[in-house]
Amino acid sequence: MSGHSKWATIKRKKDAIDSKRGAIFTKVVKEITVAARMGGGDVNTNPRLRLAVLKAKASNMPKDNIDRAIKKGTGELEGVVYEECLYECFGPGGTAIMVEAVTDKKSRTTPEIKSILTKLGGSLATTGSVSRLFERKGIIVIPSDQISEEELFELAVGAGAEDVQNEGEVFRVVTSPDDYEAVQTALNDKGIKSEESEIKFVALVGAEVSDKELAEKVMKLIDNLEGHDDVQGVNSNFELSPELEKEFG
């Protein structure tokens, strides 16, 4: 999984830049609005909304922003109506990519996603042909200077986590979607801060790329998909080979 680790590091650095630009706030507001529209505005009875609010708080979003997003979702405040879109895609070299988006106009977003794919060597796939290569997991990435691996393992697994992986500078906590909230809450209660925390698509088997030109094409495609305003998350089975990991490192 070393190639995955290097790619994950690259993505985390990009995410940190995006958050400074306010992109993370936009994405979280959309998620809160959709969650409230689908399940109501009470975090106690709407698990999805509860997770979205948890993510908003982790990104230091002001309470007023959170409350407004909830009210827009429930219709108490006038606002844009968002819908969710899931795009199953193939990237260069047959890599598999899952793109999650929230949009106020699917007829605009879908052609734009398709255009990004076409220009950069990818394509839209038929429903089920890519998603079967992934499973949904809760992923929490924690800087390793906050806690020892042994202490984190005891805390996280005790709260329901499936695994704790040591990736050097960070620990990667893996949970089922159902146990994600309990594990995140247990970490919060101990004052442990995360670099990444979400339920996402995780590849069942990685697709290792050893050709540098191909790897750059895949990374450029993923970067462009992530840069789209309506995209909430991009996950792929793409992994760098050990040789490319050293080169990119």
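Throughout what follows, the structure given in this document is the object of discussion. Note that this is a predicted model, so its numbers are computed, not measured. (Residues numbered from 1 in each chain as written. Predicted model: local features only at pLDDT ≥ 70, side-chain atom pairs only at ≥ 80, totals over all residues. Heavy atoms only, no water.)

1. What about the sheet that holds strand β3 (residues 123–124)?
In any sheet, the strands associate via hydrogen bonds between backbone groups, in a parallel or an antiparallel arrangement. Under the convention used in this document: Should DSSP find at least two bridges between two strands, the strands are taken to pair. Each helix corresponds to a stretch of at least 4 residues labelled H or I by DSSP, and each strand to a stretch of at least 2 residues labelled E; elements are numbered beginning at the N terminus. Residue contacts are defined here by distance: any two heavy atoms, one from each residue, within 4.5 Å place the two residues in contact. Only the stretch in contact is used when a helix axis is fitted, and all axes are lines through C-alpha atoms; the angle between N-to-C directions ranges over 0 to 180 degrees.
If you walk across this open sheet you meet the four strands as β3-β1-β2-β9, and the pairing is antiparallel. The strands lining the two open edges of the sheet, one partner per strand, are β3 and β9 (231–236). Pairing analysis gives five bridges linking strand β2 (residues 96–103) to β9, with the strands arranged antiparallel. Bridge pairing in β9 links Met98 to Asn235. Seen against the sheet, helix α5 (residues 106–119) touches β1 (83–90), β2, β3 and β9 and runs at an angle of roughly 20 degrees to β1. Where helix α8 (residues 212–226) meets the sheet, it contacts β2 and β9, and its direction lies at approximately 160 degrees from that of β9.

2. Concerning helix α7 (residues 177–189)
Inclusion rule: Burial status follows relative accessibility: with a 1.4 Å probe on protein chains alone, a residue under 20% of its type maximum counts as buried, one over 50% as exposed, and anything between as partly exposed. Taking the helix axis as origin, the arc is that swept by the directions to the C-beta atoms.
Among all positions of α7, only Tyr180, Val183, Gln184, Ala186 and Leu187 are buried. One face of α7 carries all of its buried residues, which in axial projection span an arc of 160 degrees. Across from the buried face of α7, at angles greater than 90 degrees, the exposed residues are Asp178 and Asp189. For α7, the elements touching its buried residues are α3 (47–58), β4 (134–143), α6 (149–158), β6 (170–175) and β7 (196–203). Backbone geometry just after α7 places Gly191 at a positive phi near 75 degrees.

3. Looking at the nonpolar core
Burial of nonpolar side chains together is a common tendency in soluble globular proteins. Definition in use: Within this scheme, the nonpolar core is defined by two criteria: the residues are buried Ala, Val, Leu, Ile, Met, Phe, Trp, Tyr or Cys, and they are joined through side-chain atoms within 4.5 Å.
With 22 residues, the main nonpolar core has Ile97, Val99 and Leu225 as its most contacted residues. Elements with a minimum of two residues in this core: β1, β2, α5, α8, β9 and β10 (238–240). The dominant element in this core, judged by the number of residues it contributes, is α8, at six residues. Aside from chain neighbours lying at most four places away, what touches Leu225 is Ile97, Val99, Ile113, Ile116, Leu117, Val231 and Val234. One finds Val173, Tyr180, Val183 and Ile192 within the second-largest nonpolar core, a separate group that totals 14 residues.

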